[in-house]
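# Summary of structural features
Spelled out, the chains give:
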Amino acid sequence: MKRSKKLIIGSLSAALLAVGSCANDDEKQNYRLQLLHFADVDGNEQSALDSVDEFSALVNAFKNDSTYGVNTLFVSSGDHIMIGPRFYAAEQGTVRTVTGSNEPGHADIAMMNAMGVQAAAVGNHELDANPGEFADAIEADGQATAVFPHLASNINFSGESDFVVGTDGAEASDLAGSVAKYAVVTINGEQIGLVGASTPTLPTITTTGDLVVTPGPSASVSDLAAVIQSSVDALKATGINKIILLAHMQQMTVEKQLAELLDGVDIIVAGGNNTRMGDSNDTLFVGTHVTDDQFAENYPYQATGADGNPTLVVNVDGDYKYLGRLVVEFDSNGKIDLGSLDATINGAYAATTSVVSSVGGTANPKVVEIRDAVQSVITAQYGNIVGYTSVYLDGRRSQVRTQKLTSATLVMRQIYGMQNRFLAKPWILP
């Protein structure tokens, strides 16, 4: 557990430092940003619902931290919608009473709204039902269900009329329910550019309809970098010198390569790969349905961009098990000050009661209300026994997606992601 999780309350001097005020009016100080991030809440259904209240408590704690909270940016790098019990439970009246919408898949969007997410990348699972369903989940009947934009610089959305295509480079707060290539957030007078990017393999792994993904599935990372760079350059042309890429590439190796190929990108928030980044000061997640055994990689990954400046890559494991926290300073030219990184502050915060208690977090009541409504529908409608099997069916994501196709894995691939919950003996839920 990190040594510095106690919050400083009511410290005027700390608050002034957080906004980057100048001790000397003639000397401009670094700008300090607290980046909170997550992705991939599409996996273990029960684990995600069990953890989201503690997750929301961590968000509240860090946003209200008097030392670092004032300059906070909260983002997702995609895959927060997936076909399954949670997806279809959102259609029911019990959920609509709480959220105001009955569009399938919108419940997690509503929880993200309640927690204050400011922008998200488009993940592949967002499109699994089809692009129109995703469009309805974020904006339906002229009403924005998402109060934040979804960004993808390499997707042309114009072929799907259900989407509200926003103005590239607009303030994220003005792009509620919209899709765009890139956006801007202004935090205490400082403009930060946000660029989205989705894996070029979208046409081969999900339902893209009339969306156009550039470059295509067989393209190189360099080809993808060139497409992303055009959005980065557009932001740089307006004078913005702090740029964050929300990338849903499914393989951390791709984000690492992009970090070295892009000019002007300071931080890449990775997604789709469930890489459990953390450090020696971080606590592993221990829950009712999932217990993690180790961190796979140190947080953050440091690279050097094409401009010769530092680029950081961050990611945390999914299902609301961890909240990523990166506190970093930028100099007056928008260059990351690597000396500002503190491993006792930065890293993966497990959504457990002990970690929440250590930071003084309190669960977001709206998130709890939405979660409980969704859970009540799942319990009532998707807990029915529809069949039995005497064959061991391993439904773990890593096995279903990678192992040799046998009769058992074929059954699991057919079941995986569907709305009915099959109760079998024995069966490990995916």
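Residues numbered from 1 in each chain as written. Predicted model: local features only at pLDDT ≥ 70, side-chain atom pairs only at ≥ 80, totals over all residues. Heavy atoms only, no water.

## Quick look at helix α11 (residues 365-381)
- Here α11 contains 17 residues, and its C-alpha end-to-end distance of 24 Å stays within 8% of the 24 Å for a straight helix at 1.5 Å per residue.
- In this structure, the buried residues of α11 make contact with α2 (45-63), α3 (85-89), α4 (93-99) and α5 (106-115).
- Between a side-chain oxygen at the N-terminus of α11 and the backbone nitrogen of Lys-366 the separation is 3.0 Å; the capping residue is Asn-364. (Helix = DSSP H or I, 4+ residues; strand = E, 2+ residues; numbered from the N terminus. Expected span 1.5 Å × (residues − 1). Contact = heavy atoms within 4.5 Å. Polar contact = N/O pair within 3.5 Å; in protein donor to acceptor, adjacent residues only side chain to side chain.)

## A closer look at unusual backbone geometry
- Backbone torsion omega between Thr-214 and Pro-215 reads -5 degrees, so that peptide bond is classified as cis.
- Examined against the element boundaries, Pro-215 turns out to sit in the loop between β12 (212-213) and α8 (221-237).
- That bond from Tyr-299 to Pro-300 is cis: its omega, -10 degrees, falls within 30 degrees of zero.
- Turning to its location among the elements, Pro-300 is positioned in the loop between β16 (297-298) and β17 (301-304).
- One non-glycine residue, Asn-274, adopts positive backbone phi at about 55 degrees.
- Note that Asn-274 resides in the loop between β14 (267-269) and β15 (277-278).
- Notably, Tyr-320 is not glycine yet its phi reads approximately 60 degrees, a positive angle.
- Relative to the helices and strands, Tyr-320 is located in the loop between β18 (310-314) and β19 (322-330).

## Details of the side chain of His-80
- By the element assignment, His-80 lies in the loop between β2 (72-76) and α3.
- The class of His-80 is buried, set by a relative accessible area of 2%.
- Here the side chain of His-80 touches Ser-76 through a polar contact of 3.3 Å, side chain to side chain.
- Here the side chain of His-80 touches His-150 through a polar contact of 2.9 Å, side chain to side chain.
- With sequence-adjacent residues up to four places away left out, His-80 is seen in contact with Val-41, Asp-108, Ile-109, Met-112, Ala-120, Ala-121, Glu-126 and His-150. (Buried < 20%, exposed > 50% of the residue type's maximum accessible area, 1.4 Å probe, protein only.)

## Notes on the packing of α5 against α11
- In the contact formed by α5 and α11, the axes pass within 9 Å of each other and the chain directions differ by 170 degrees. Compared by their axis directions, α5 and α11 come out roughly antiparallel. For the pair α5 and α11, the sense of crossing is left-handed. Of the residues in α11, those in contact with Ala-107, Ala-110, Met-111, Ala-114 and Met-115 of α5 are Lys-366, Val-367, Ile-370, Arg-371 and Val-374.
- Taken together, the residues of the contact of α5 with α11 sort by class into eight nonpolar, no polar and two charged. (Axes fitted to C-alpha atoms, helices over the stretch in contact; angles between N-to-C directions. Parallel < 35°, antiparallel > 145°, perpendicular 65-115°, else oblique. Left-handed = near helix turned anticlockwise from the far one by under 90°. Nonpolar A, V, L, I, M, F, W, Y, C, P; charged D, E, K, R; others polar.)

## Brief notes about the packing of α2 against α11
- Two numbers describe how α2 lies on α11: the axes approach to 9 Å, and their chain directions differ by 165 degrees. With respect to α11, the element α2 is oriented roughly antiparallel. Where α2 crosses over α11, the handedness of that crossing is left-handed. On α11, the residues that touch Gln-46, Leu-49, Asp-50, Val-52, Asp-53 and Ser-56 of α2 are Val-367, Val-368, Arg-371, Val-374, Gln-375 and Ile-378.
- Each residue belonging to the contact of α2 with α11 can be placed in one class, and the counts come to six nonpolar, three polar and three charged.

## What about the nonpolar core?
- If you look at the biggest cluster of nonpolar residues, it comprises 119 residues, and the most contacted ones within it are Leu-73, Ile-244, Leu-245, Leu-258 and Ile-267.
- With nine residues, α2 is the single largest residue contributor to this core.
- Apart from residues lying up to four places away in sequence, Leu-73 is in contact with Leu-33, Gln-34, Leu-35, Leu-36, Gln-118, Val-185, Ile-187, Ile-192, Leu-194 and Ile-244. (Core = buried A, V, L, I, M, F, W, Y, C linked by side-chain atoms within 4.5 Å.)

## Section: helix α6 (residues 131-138)
- Burial within α6 is extensive, with six of its eight residues counted as buried.
- Residues of α6 that are buried include every one of Pro-131, Gly-132, Phe-134, Ala-135, Ala-137 and Ile-138, and no others.
- Its buried side turned inward, α6 meets α5, β4 (139-140), β5 (143-144), β6 (150-151) and β9 (178-180).
- For α6, the N-terminal capping position is held by Asn-130, with its side-chain oxygen 2.9 Å away from the main-chain nitrogen of Gly-132.

## A word on the environment of Val-374
- You can see Val-374 is positioned in helix α11.
- Residue Val-374 is classed as buried on the basis of its relative accessible area, which comes to 1%.
- Along the backbone, Val-374 and Arg-86 are 288 residues apart, and their C-alpha atoms lie at a distance of 6.6 Å.
- Aside from chain neighbours lying at most four places away, what touches Val-374 is Leu-49, Arg-86, Ala-89, Val-95 and Ala-107.

## Topic: the environment of Asp-263
- Within the fold, Asp-263 resides in the loop between α9 (252-261) and β14.
- Between the C-alpha atom of Asp-263 and that of Thr-304, which follows or precedes it by 41 residues, the distance is 9.7 Å.
- If sequence neighbours within four positions are ignored, Asp-263 has contacts with Gln-229, Val-232, Lys-236, Ala-306 and Asp-307.
- A distance of 3.0 Å separates a polar atom in the side chain of Asp-263 from a polar atom in the side chain of Lys-236.

## Looking at the confidence of the model for the protein chain
- Residues at a pLDDT of 70 or more form 85% of the protein chain, whose mean pLDDT is 88.
- Overall, residues 3-26 carries pLDDT values under 50, and its contacts beyond four positions in sequence, including any with other chains, amount to 38 contacts.
- Every residue in residues 416-430 is under pLDDT 50, and counting partners more than four places away or in other chains gives 49 contacts. (pLDDT = per-residue confidence, 0-100.)

## Thoughts on the sheet that holds strand β10 (residues 182-187)
- On the basis of which strands lie adjacent, the open sheet formed by six strands has the order β10-β11-β13-β14-β18-β17 and mixed pairing. Bordering the open sheet on either side are β10 and β17, each of which pairs with just one other strand. Shown here is a sheet whose adjacent strand axes are inclined to one another by a mean of 25 degrees, direction ignored.
- Pairing of strand β13 (residues 243-248) with β14 involves three bridges; the strand directions are parallel. Residue Leu-246 lies in a different strand from β14, and its bridge partner there is Val-269.
- Packed onto the sheet, α8 meets β10, β11 (190-198) and β13 and runs at close to 170 degrees relative to β11. (Pairing = 2+ DSSP bridges.)

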